[in-house]
Amino acid sequence: MSITPLMPVYPRCGVRPVRGEHCHLIDEDGTRYLDFASGIAVNLLGHSHEGLIGAIQKQAAELMHVSNMYGSPQGEVLAQRLVDHTFADTVFFSNSGAEAVETAIKCARVYHQHEGNTQRSELITFTNAFHGRTMATISASNQTKMHHGFAPLLDGFKYCEFDDLEAAKALITDKTAGFLVEPIQGEGGIRPASQEFMSGLRALADEHDLMLVLDEVQCGMARTGKMFAHEHYGVNPDILASAKGIGGGFPLGACLATEKAARGMVFGTHGSTYGGNPLAMAAGNAVLDAVANEAFLASVSAKGETIRTRLEQFFGNYPDLFELVRGKGLMLGIKMKVESRPFFVHLRDNHQLMMVAAGDNTLRVLPPLVIGDAEIDEFFEKLSAGAASYTVPEAA
Ligand SMILES: *Cc1c(COP(=O)(O)O)cnc(C)c1O
């Protein structure tokens, strides 16, 4: 037998974390890493947040799981709070980002089919998008590396160049149900959509009665200094998928929708055994307690600006390595002039700095939102040392 007990779908690195302390990870052998990856934009309160830990411990002792056949006092509270803080009128809870996007896709389709418009089932999606790893969510992305070996894909997705409004407009037919888009692409390389694109999609959706579905699994939940990234654009969606940061590390996803968009989501149309269980709701409520206030959101924006300004100054020392920084709040991408993945490995293995590589030779800066000046200083010390000691590998 040569297959590993953990199905070998991840090229796992040698770092084996066993403990978290605020913004650091501690490896099996005691090595400390500065965590500017946050489990890929998940641990927004860091690793030892008392409010989050306490809420989970308390709820685990009271009631961990019951069926969605019963009333949910815990879920009602979190759903009401999300409704109060967003465009949405209603929320469906799931356990992951892909499930939240799946729910969003179903919601957009059933909106039209409920009205008898059964032909309106296609979503226009965008190049280099990432929406998850289920059959529907890989089908929604044009990234063929995720498709390989998994044919047949699901029908009903048309790929369009990201940030190209005219191309999106040209793809609208009498089969179109809506648009599915990340306002700031995460895996694609921290690429924010332009204002014209976001406003334009909203206008097209209004004109043709299409659903504007936003995937804010990575860019949502306070990460960019707003509760959700679409607020930067002054553009409201009809449907939105959230996950990653929303549970602060506890598995939780949510599909948010307006009353109009959710009108086909009636009894029996959708469900989940674990979705919205009391333990997940406790985690979600504890995260909202910490992040859903103006002072916290303003602090995220301010820390993001500090890092961005310091990065731009720092790039001047290494004009051959770094090109630019983009993104919003604490969702920043360093676009490199060389391959970003080997540099990310170098930072991790030789300077104990955790970041995440992404498409378009980008290095993602995704720290916990609770970092302070000390962590920002440590980040720049490690990044400077890493850049100084780096030799760009020979092209193969
Ligand atoms: C991570 C991610 C997903 C998938 O989330 P999972 O929890 O891994 O299923 C979907 N969309 C975006 C934008 C993501 O970043």
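Residues numbered from 1 in each chain as written. Predicted model: local features only at pLDDT ≥ 70, side-chain atom pairs only at ≥ 80, totals over all residues. Heavy atoms only, no water.

1. Side note on the domain arrangement of the protein
Inference 1: Domain annotation of the protein identifies domain 1 (17-49 + 294-388) and domain 2 (50-291).
Inference 2: Each of domain 1 and domain 2 was reduced to a C-alpha centroid, and the two centroids are 26 Å apart.
Inference 3: At the junction of the two partners, domain 1 supplies 31 residues and domain 2 supplies 32 residues.
Inference 4: Both faces considered, domain 1 and domain 2 share a buried interface measuring about 2,500 Å² in area, 65% of it formed by carbon and sulfur atoms.
Inference 5: If you sort the residues of domain 1 by the area they bury against domain 2, His49, Lys328 and Met331 come out on top, with a joint share of 29%.
Inference 6: The interface formed by domain 1 and domain 2 holds one salt bridge in total.
Inference 7: Notably, a salt bridge pairs Arg364 with Glu187, separated by 3.0 Å at the nearest N-O pair.
Inference 8: On inspection of domain 1 and its partner domain 2, the count reaches 12 residue pairs in polar contact (both at pLDDT 80 or more). (Domains from an automatic or database assignment. Contact = heavy atoms within 4.5 Å. Buried area = accessible area lost by both parts, 1.4 Å probe. Salt bridge = Lys/Arg side-chain N within 4 Å of Asp/Glu carboxyl O. Polar contact = N/O pair within 3.5 Å; in protein donor to acceptor, adjacent residues only side chain to side chain.)

2. Concerning the packing of aromatic side chains
Inference 1: This structure, assessed with the given rule, holds 11 aromatic pairs.
Inference 2: Centroid distance Phe343 to Tyr390: 4.9 Å. Interplanar angle 70 degrees. Geometry classified as edge-to-face. Placement of Phe343 in helix α10 (residues 340-351) and of Tyr390 in the segment after α11 (373-388) is noted, with a sequence separation of 47 residues between them.
Inference 3: Centroid distance Phe379 to Phe380: 5.1 Å. Interplanar angle 75 degrees. Geometry classified as edge-to-face. Neither Phe379 nor Phe380 differs from the other in exposure class; each is buried.
Inference 4: Among the aromatic side chains, those forming a connected cluster through ring pairs are Phe314, Phe315, Tyr318, Phe322, Phe343 and Tyr390.
Inference 5: Over the ring of Phe157 we find Arg109; its NZ or CZ atom is 6.0 Å from the centre of that ring.
Inference 6: In this structure, Arg348 is placed above the aromatic ring of Phe344, and the distance from its NZ or CZ to the ring centre is 5.5 Å. (Phe/Tyr/Trp six-rings, centres within 6.5 Å; stacked < 30°, edge-to-face > 60°. Helix = DSSP H or I, 4+ residues; strand = E, 2+ residues; numbered from the N terminus. Buried < 20%, exposed > 50% of the residue type's maximum accessible area, 1.4 Å probe, protein only. Lys NZ or Arg CZ within 6 Å of the ring centre and 35° of its normal.)

3. Re the nonpolar core
Inference 1: Ranked by size, the top nonpolar core spans 95 residues in total, and within it Phe126, Phe179, Val291, Ile307 and Phe379 carry the most contacts.
Inference 2: When residues of this core are assigned to their parent elements, the largest contribution, eight residues, is made by helix α8 (residues 278-291).
Inference 3: Of the domains in this structure, domain 1 (17-49 + 294-388) and domain 2 (50-291) are the two that each give at least three residues to this core.
Inference 4: Here Ile307 is in contact with Phe36, Leu330, Leu332, Val365, Ile371, Ile376, Phe379 and Phe380, once residues within four sequence places are set aside. (Core = buried A, V, L, I, M, F, W, Y, C linked by side-chain atoms within 4.5 Å.)

4. Topic: the site of the ligand
Inference 1: With respect to spatial proximity, the complete set of residues near the ligand consists of Ser96, Gly97, Ala98, Phe130, His131, Gly132, Glu182, Asp215, Val217, Gln218 and Lys244.
Inference 2: Between the ligand and the protein, one listed contact pairs an oxygen atom with a side-chain N or O atom of Gln218 at 2.8 Å.
Inference 3: Between the ligand and Lys244 there is a distance of 2.6 Å, counted from an oxygen atom to a side-chain nitrogen or oxygen.
Inference 4: Protein contacts shield 81% of the accessible area of the ligand, which totals 390 Å² for the unbound molecule.
Inference 5: Among the residues making up the shell around the ligand, the classes are represented as three nonpolar, five polar and three charged. (Near = heavy atom within 4 Å. Areas by Shrake-Rupley, 256 points an atom, 1.4 Å probe, with all protein chains shown as cover. Nonpolar A, V, L, I, M, F, W, Y, C, P; charged D, E, K, R; others polar.)

5. Some words on the sheet that holds strand β2 (residues 24-27)
Two pairing modes exist for strands in a sheet, parallel and antiparallel, and in both the strands are linked by backbone hydrogen bonds.
Inference 1: Read from one edge to the other, the open sheet built from four strands follows the order β1-β2-β3-β15, with strand pairing classed as mixed. This sheet does not close on itself; its edge strands, each paired only once, are β1 (17-21) and β15 (353-354).
Inference 2: The pairing of β2 with strand β3 (residues 32-35) spans three bridges and is antiparallel. Bridged to Ile26 within β3 is Arg32.
Inference 3: Sheet strands in contact with α11 are β2, β3 and β15, and its direction is about 110 degrees off that of β3. (Pairing = 2+ DSSP bridges. Axes fitted to C-alpha atoms, helices over the stretch in contact; angles between N-to-C directions.)

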